[in-house]
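Now for the letters of each chain:
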Amino acid sequence: MDNEWNKPLANHVIDLQTHLLHGLIHCNGFGHLLCINGIEGGSKKITVEDVSKKRSMDLRLLYGVAYGHSWFGKWGYKFCCGSFGVAEYNYNKAIEILSSLELDQIIQDFSNTDQCRDIKQIIRHCRNMSETQLVTIKDLLRFMLTVKFNFVL
C-alpha cells in the first residue's frame, strides 16, 4: 500500500466525479486545490477556515484591510456566506472603513496613550523604509506584509 503513494496519478483522475475536491498536499504542509467538482446543476462553493498567519499574527483582517480580500482571495476565492457571524456587506464596509484610516490621525488619536510612542516609531520607521508614501493604514499594512525586516523598538 505504501508504494501506491510513489506512483504518478493517472491523467483522468481529476475528471472523476466520485470526489468533490481534488487537491495536492506537499510534504511541507502547503497544498493546492486542483479541482472542485459540483453536482450537475449544483453549487461549486466550498468553505475554508482562514487560519493564515505571518509569524504569530492572524492575517484574516490584515489582508482584508491591506488588499481588499482575504488571503484566499489571491487565488480568486471570495467571501460569500459570512464569517464569525458577520454578513458580507458588514464585512466589506468594515474593511473599507479600516482601510481608509489615515496614519497621522491614528497617531493623534493615540497621543494620550501608553502606546503612542511605539505607534509613532513603527509608522516613522516604515515611512523611512518605504519608496512610496504611506498615508493610510492600508498603505502601512501592505508595506509591512511585503517587506521582510527585523523590528526593534
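Here's what I pulled together on the structure shown here. Predicted model, so just to flag it, every value in this text is computed and none were measured.

## Quick word on the pattern of salt bridges
And step 1. Inspection of every chain in the model, using the stated rule, returns three salt bridges.
And step 2. Between Lys93 and Glu96 there is a salt bridge whose closest N-O contact spans 3.5 Å. Here Lys93 pairs with Glu96, and both are found in helix α2 (residues 88-99), just three residues apart, close to one helical turn.
And step 3. The class of Lys93 is partly exposed, set by a relative accessible area of 32%.
And step 4. Accessibility expressed as a relative area gives 48% for Glu96, which makes it partly exposed.
And step 5. Of the charged contacts in the structure, one is a salt bridge between Arg117 and Asp118, with a shortest N-O distance of 3.2 Å.

## Considering the packing of helix α4 (residues 116-129) against helix α5 (residues 137-146)
And step 1. Taken N-terminus to C-terminus, the directions of α4 and α5 make an angle of 70°; their axes are 11 Å apart at the nearest point. Viewed along their axes, α4 and α5 adopt a mutual orientation that is roughly perpendicular. Across the interface between the two elements, Ile122, Ile123, Cys126 and Met129 from α4 touch Leu140, Phe143 and Met144 from α5.
And step 2. Along the lines of polarity and charge, the residues of the contact of α4 with α5 split into seven nonpolar, no polar and no charged.

## So, the packing of aromatic side chains
And step 1. The tally for this structure, following the rule as stated, stands at one aromatic pair.
And step 2. With 4.9 Å between their ring centres and 40° between their planes, Tyr63 and Tyr67 make a pair best called tilted. Placement of both Tyr63 and Tyr67 in helix α1 (residues 60-67) is noted, with a separation of four residues, approximately one turn of the helix.

## Observations regarding α2
And step 1. Taking 1.5 Å per residue as the helical rise, α2 with its 12 residues ought to reach 16 Å, and the 16 Å between its terminal C-alpha atoms agrees with that figure.
And step 2. Listed in full, the buried residues belonging to α2 are Tyr91, Ile95 and Ser99. For α2, the angular spread of buried residues about the axis comes to 60°, placing them on one side.
And step 3. At its buried positions, α2 is contacted by α1 and α5.

Rules behind the numbers
- Residues numbered from 1 in each chain as written.
- Predicted model: local features only at pLDDT ≥ 70, side-chain atom pairs only at ≥ 80, totals over all residues.
- Heavy atoms only, no water.
- Salt bridge = Lys/Arg side-chain N within 4 Å of Asp/Glu carboxyl O.
- Helix = DSSP H or I, 4+ residues; strand = E, 2+ residues; numbered from the N terminus.
- Buried < 20%, exposed > 50% of the residue type's maximum accessible area, 1.4 Å probe, protein only.
- Axes fitted to C-alpha atoms, helices over the stretch in contact; angles between N-to-C directions.
- Parallel < 35°, antiparallel > 145°, perpendicular 65-115°, else oblique.
- Contact = heavy atoms within 4.5 Å.
- Nonpolar A, V, L, I, M, F, W, Y, C, P; charged D, E, K, R; others polar.
- Phe/Tyr/Trp six-rings, centres within 6.5 Å; stacked < 30°, edge-to-face > 60°.
- Expected span 1.5 Å × (residues − 1).
- Arc of directions from axis to C-beta.

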